[in-house]
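Tertiary structure, described
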Amino acid sequence: MSLDKKEQLSPVERIKTSSRGLRGTLTESLTDAHTGSLRDDDQNLLKFHGMYQQDDRDRREERSEKKLEWLYSFMIRLRLPGGFLRADQWLGLHHIAGEYSTGTIKITTRQTVQLHGILKSHIKPTIQSFNTLALDSIAACGDVNRNVTCSAHPGESPVHEEVFTYADRISSMALPKTRAYYEVWLDEEKLAEHTEEDPLYQDRYLPRKFKIGIAIPPNNDVDVLTNDVGLIAIVENGELVGFNIAAGGGLSATHGNPSTYPRLATVLGFVPKGDDTLKAVYEIMTIQRDFGNRSDRKLARLKYTIDRMTVEGLKKELEARCGFKLQEARHYQFTSRRDHYGWKQNHKGLWYYTLFVENGLVRDDEKLPLKTAMYEIAQTGKCNFRFSGNQNLILADISDSDKEAIEDLFEKYGLGLHNQNNSAIRKNSIACVAFNTCPLALAEAQRYLPTLITKIEPILEKYQLKDDEITLRMTGCPNGCGRSPAAEIGLIGTSYGFYNLHIGGDRNGERLNIKYRDSLDESGILSELDQLLGLYASNRKTAETFGDFVIREKLVS
Amino acid sequence: MDARFKSFGGKALLPLRKCDVDYEADAKEWFDELLQILSKPSATAAQPVVKSTTIAAKPAGKKYYAAKVVTNINLNDRGSRKQTFHIELGTSEDIIYEPGDTIGIVPHNRAEVVNRILSLTGIDPNTEIQTAKVKASVKELLTKHLNICYLLSSTMKKYAGITGHEIPDIRMDLVDLLRIYPVKEASQFVEVIKTLLAIAPRLYSVASSPEAHGRQEIHITVAKDRFLAQDEQRYGLCSEFLGDLVVGSDVSFYVHKDKHFKLPAPEKDVIMIGPGTGVAPFRSFLAHRDATGATGRNWFFFGEQLFVTDFLYQTEIQNFLATGVLTRLDLAFSRDQQEKIYVQHRMQKHAAELYQWIKDGASVFISGTKDPMSKDVENCLLNIFKEQGQLNDEEANKFLETLRKEGRYGKDVY
């Protein structure tokens, strides 16, 4: 590649800088009555408002034959730092999902919820309805800081409440300053002709998406090292003292492009809690803004910027911008990355119930009226709703006296045994959305993984491994939304019905997996897993995880 | 009375229709037609309706083209209440037609019904019979030429005469008649066949252009509700609905010229109002103007129930818009929101521009259902003339009449 070409900005850069603060021609696009799609540039800008234009890929061929355009619709993702909703907000979400979307509420891998299948004419009513619940989708997608994640379970640490406030503070700090969202979707009057100054994002925003997560050891349920910036809470003598700050995580790669790769974040050092923490996060963003690659979007994430600058180089620039030095990283240890299902009480005596939600899909199906049950539970007003990075739901902050009323509803809807009735591998699995709406999908994921697991379960049974908490993650492409590179078993779609099999990731999210086999179909996946799990069952050391076993045995390297 | 009026030189607004005990349906239809004629502004009496019904008498001496169904697609998506078929007919000879024309298609009777008739009568299917118009085998006559559905009272009477049965004055399908009042022998059925009337062709607006789609292909747009509404009662279900025809089926058709529904000169502007299947002739117009590089502007008003499922020919219309063939497009999807929005609401919204286009020489065409669409649209046009041109009722009507006389106002309604 010539130097000139390298320096040429990617087309998205022009769209951003000429968008007048992300306004573009969105208003005009909405009034184009002949199509359910937005104009090309606006499709890019829409992401910054928390939405993606998609189409029903199952219906493309049939619609084309009928001389109808593709069935376009929109996915909207809320900005929910740390993944928290009040009961009344859940009720509102339930109604909005029913009125304007497919009806399914999807809990994402970043602790928020998204709705699919919203027609262009329904975007504004949807956003207006969310607004009445004090919910928005600003910057939930796009080249900005995305939803900030934070260890989900308040029962797991007395400092949770304090750490959780950082998710909110970082989210607010990194919010774009433009009023475009309010003008385009909520009909706010434009106050001045000029576009708002934005010292963080300027007019070019970041070169690529930017993810921030906060973990409270020993649980790494947010997969903190897969973020561009990861904060690891350091608790000493029962007090939050600050955070180890890590940078450069990111799991996306492109098939056939060796300069792309997944990477876990590198711990840079320790920052005391408070303004210093916020300052350090902010300045990593400005470094990425100024040094990130703006010509090739496939090489634009912070992980590539760091590998170009070197970790030391980044640290030096960061300290210069912060005006203080990072301290040496403090000791921490992750011992798990999973959700702890069922009832748990926190230090204040409040109760929490973690409910398994397969692939985060809250809907009523023939097995379980989950959506109806959640609606009725929300109607009691006796709990809050929290979402975990593993796509599960936590009914939160329930007082001792209200616990029974919630349990009665579990009974009524058959939720009591739901957690127990699902196998360990199923409860430790994640799948991304993929077909039918994701435009990037090469293969199925959330529509297929449940049936694949049903076929893997007998293999585990055969080797007496059914209670082993092996992590299994499937993504329909190598972009890693379902964090497949960070699982003990990763299945990454290559083409319809075919997956690369990756193994050797550790259980707690501190080592990525490695490709073991190329493009397997279902029978290939099952026979390879049968072989590997058989070896694991007979040759593993006590308490050795599957991921560690395959590395020790050098099955992949 | 009819004879008496005629003897004095009276001119019938509508042909006489005789009814008997079961008069309601016929009478209502006759009165409706009469009211329509009377409610129209003058001049229409002499020229009753541009194209009043889809069922027309089969004109003698028409050139029939033998065609095969090349394509048959339901344009409405899953979830729609509508079924609208885009049908392409292919011929081996050049078809002589122009945008704005109509074709008459003779629907064939269903094979199972024909076979039932043959077995009920015991006639040799290959028996050659000469009817008033054609000579062919019994099977072919019953399949392609003769109406066997919901026979007229007069035909029923002739049947009673031939077979000697006492039959009440009702109408029914031939197959039921044969079942209840059987013929004595095959030779008696030959006599019956000679009394059967020809199958009435159905008229459909052409949706293609020879310039754009070639001369050995012709397209139509057929809505199922339209077909059934008229035929369930009049014809029973013994003839094939076009939308059910599989690719490769045989169909014959003739071209019906329409002088009053023709594109103006290439540099002239055209306003097209065609909701529902009314889109058909305008697909033809737009394709033609595209293929011939006509420079006049084109403005199309389309409407249906739902944007997602019922936007007929959406991708083609989008292409016309993208390439600039279509200057303006206004859409009205009635059920996409609480209040019903129709094409006339869109016209009213752009009244000033619409009037300006017409003042600048644009032609206006309306296509689609006569009632209530074409009337609402025409009233809307008159209103726009009044508002925008400061005209009174009479002047507005006169203006429309002038457009009509100049060939700048055409209707293809049914």
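Residues numbered from 1 in each chain as written. Chains lettered and ligands numbered in written order. Predicted model: local features only at pLDDT ≥ 70, side-chain atom pairs only at ≥ 80, totals over all residues. Heavy atoms only, no water.

Attention now goes to the overall build of chain B. Of regular secondary structure, chain B possesses 16 helices and 13 strands. For chain B, with 414 residues in total, the buried portion stands at 51%. Long-range contacts, defined as pairs at least 24 residues apart, comprise 72% of the intrachain contacts of chain B with a sequence gap of at least 6. Accessible area for chain B stands at about 19400 Å²; split by element, carbon and sulfur atoms hold 52% of it. (Helix = DSSP H or I, 4+ residues; strand = E, 2+ residues; numbered from the N terminus. Buried < 20%, exposed > 50% of the residue type's maximum accessible area, 1.4 Å probe, protein only. Contact = heavy atoms within 4.5 Å. Areas by Shrake-Rupley, 256 points an atom, 1.4 Å probe, with all protein chains shown as cover.)

Turning next to the sheet that holds strand β11 (residues 342-345) of chain A. Residues and elements named next belong to chain A. Taking strand neighbours across the sheet as the criterion, the 5 strands line up as β3-β14-β15-β12-β11 in an open arrangement whose pairing is antiparallel. One side of each edge strand has no neighbouring strand; the edge strands of this open sheet are β3 (84-85) and β11. Pairing analysis gives 4 bridges linking β11 to strand β12 (residues 351-355), with the strands arranged antiparallel. Residue pairing in the sheet places Gln345 in a bridge with Trp351 of β12. (Pairing = 2+ DSSP bridges.)

Taken together, the contacts link 20 residues of chain B with 14 residues of chain A. Both sides together, the interface formed by chain B and chain A hides about 1500 Å², and carbon and sulfur atoms give 53% of it. In terms of surface lost to chain A, no three residues of chain B exceed B:Asp77, B:Arg78 and B:Val308, which account for 31% of the buried area on that side. Counting every contact that joins chain B to chain A gives 4 salt bridges. B:Glu316 is the salt-bridge partner of A:Lys67, the closest N and O atoms lying 3.0 Å from each other. (Buried area = accessible area lost by both parts, 1.4 Å probe. Salt bridge = Lys/Arg side-chain N within 4 Å of Asp/Glu carboxyl O.)

Residues and elements named next belong to chain A. Segmentation of chain A into domains returns domain 1 (11-322) and domain 2 (426-552). Placing the centre of domain 1 and that of domain 2 at their C-alpha centroids yields a distance of 27 Å. Every contact between the two is made by 23 residues of domain 1 and, on the other side, 31 residues of domain 2. Along the contact surface separating domain 1 from domain 2 lie 3 salt bridges. The partner of Asp58 in a salt bridge is Arg447, and the shortest N-O contact between them spans 2.8 Å. Run the count over domain 1 and domain 2 and you get 14 residue pairs in polar contact (both at pLDDT 80 or more). Elements supplying a minimum of two residues to the side of domain 1 that touches domain 2: β1 (51-55) and β5 (113-118). Taken together, the residues of the side of domain 1 that touches domain 2 sort by class into 6 nonpolar, 9 polar and 8 charged. (Domains from an automatic or database assignment. Polar contact = N/O pair within 3.5 Å; in protein donor to acceptor, adjacent residues only side chain to side chain. Nonpolar A, V, L, I, M, F, W, Y, C, P; charged D, E, K, R; others polar.)

The tendency in soluble globular proteins is for nonpolar side chains to be buried side by side. Residues and elements named next belong to chain A. By size, the foremost hydrophobic cluster in this structure holds 104 residues, and its most contacted members are Trp90, Trp185, Met374, Phe385 and Leu395. When residues in this core are grouped by element, the largest group, 7 residues, is from helix α6 (residues 87-100). Grouped together as the second largest cluster of nonpolar side chains are 37 residues, Cys432, Ile459, Tyr516 and Leu532 included. (Core = buried A, V, L, I, M, F, W, Y, C linked by side-chain atoms within 4.5 Å.)

As a further point, take the packing of α6(A) against helix α7 (residues 120-132) of chain A. Residue and element names in this part refer to chain A. The interhelical angle for the contact between α6 and α7, taken along N-to-C directions, is 170 degrees, at an axis separation of 10 Å. In this view, α6 runs roughly antiparallel relative to α7, as classed from their interaxial angle. Along the contact surface, α6 presents Leu93, Ile96 and Tyr100, while α7 presents His122, Pro125, Thr126, Ser129 and Phe130. Residues of the contact of α6 with α7, tallied by class, amount to 5 nonpolar, 3 polar and no charged. (Axes fitted to C-alpha atoms, helices over the stretch in contact; angles between N-to-C directions. Parallel < 35°, antiparallel > 145°, perpendicular 65-115°, else oblique.)

Next up on the list: the environment of A:Tyr499. All names here are of chain A. Looking at the secondary structure, you find Tyr499 in strand β19 (residues 498-503). Overall, Tyr499 belongs to the buried group, its relative accessible area being 2%. In sequence terms Tyr499 and Asp143 are 356 residues apart; their C-alpha atoms lie 29 Å from each other. Within the local environment of Tyr499, its side chain forms a polar contact with the backbone oxygen of Glu444, the two atoms lying 2.6 Å apart.

This paragraph deals with the sheet that holds strand β12 (residues 363-368) of chain B. All names here are of chain B. Judged by pairing direction, the sheet is parallel, and its 5 strands sit side by side in the order β11-β10-β9-β12-β13 without closing on themselves. Strands with a single pairing partner mark the edges of an open sheet, and in this sheet they are β11 (328-333) and β13 (409-413). Sheet twist, expressed as the average angle between the axes of neighbouring strands with direction ignored, equals 10 degrees. Pairing of β12 with β13, which is carried by 5 bridges, proceeds in the parallel orientation. Following the sheet pairing, Gly368 is matched in β13 by Val413. Across the sheet, helix α14 (residues 351-359) touches β9 (270-273), β10 (298-304), β11 and β12, and the angle it forms with β10 is around 135 degrees.

Residues and elements named next belong to chain A. Summarising burial for strand β8 (residues 229-236): 6 of the 8 residues are buried, a large majority. Pairing between strand β7 (residues 212-215) and β8: 4 bridges, direction parallel. In the sheet register, Ala215 faces β8, and the bridge partner there is Ile232. Joining the antiparallel neighbours β8 and strand β9 (residues 239-247) is a turn of 2 residues, in which Asn237 adopts a positive phi near 50 degrees.

This paragraph deals with the state of the cysteines. Going through the model one piece at a time under the given rule, you end up with 0 disulfides over all chains. No disulfide involves A:Cys383; its sulfur sits 19 Å from that of A:Cys150, the nearest cysteine. (Disulfide = S-S within 2.5 Å.)

Now for the pattern of salt bridges. Residues and elements named next belong to chain A. One pass over the full model with this rule turns up 67 salt bridges over all chains. Salt-bridge contacts for Asp136 lead to Arg79; the nearest nitrogen and oxygen are separated by 2.9 Å. Of this pair, Asp136 sits in the loop between α7 and β6 (149-150) while Arg79 sits in the loop between β2 (72-77) and β3, and the two are 57 residues apart along the sequence. With relative accessibility at 13%, the residue Asp136 sits in the buried group. Note on Arg79: relative accessible area 18%, which makes it buried. In this structure, Arg540 and Asp468 form a salt bridge, with 3.2 Å as the shortest nitrogen-oxygen distance. Residue Arg540 is located in the loop between α18 (522-539) and α19 (546-552), and its partner Asp468 is located in the loop between α17 (449-462) and β17 (472-475); the two are separated by 72 residues in the primary sequence.

Residue and element names in this part refer to chain A. Going from Pro217 to Pro218, the amide bond is cis rather than trans, its omega being 10 degrees. The phi torsion at Ala139 lies on the positive side, around 60 degrees, for a residue other than glycine. In this structure, Ala139 sits in the loop between α7 and β6. Positioned with a positive phi, Lys554 is a non-glycine residue whose angle comes to about 55 degrees. Along the polypeptide, Lys554 turns up in the segment after α19.

Let us look at the packing of α6(A) against helix α13 (residues 370-380) of chain A. Residue and element names in this part refer to chain A. The geometry of α6 relative to α13 is characterised by a closest axis approach of 8 Å and an angle of 145 degrees between their N-to-C directions. Here α6 and α13 pass one another in a crossing that is left-handed. Mapping the contact onto sequence places Ala87, Trp90, Leu91, His94, His95 and Gly98 in α6 and Lys371, Met374, Tyr375, Ala378 and Gln379 in α13. By residue class, the composition of the contact of α6 with α13 is 6 nonpolar, 4 polar and 1 charged. (Left-handed = near helix turned anticlockwise from the far one by under 90°.)

All names here are of chain B. Within the secondary structure, Val175 sits in helix α6 (residues 174-180). Taking relative accessible area as the criterion, Val175 reaches 14% and is therefore assigned buried. Sequence separation between Val175 and Phe189 is 14 residues, and the spatial gap between their C-alpha atoms is 12 Å. Leaving out residues up to four positions away in the same chain, Val175 has contacts with Val113, Arg116, Ile117 and Leu120.

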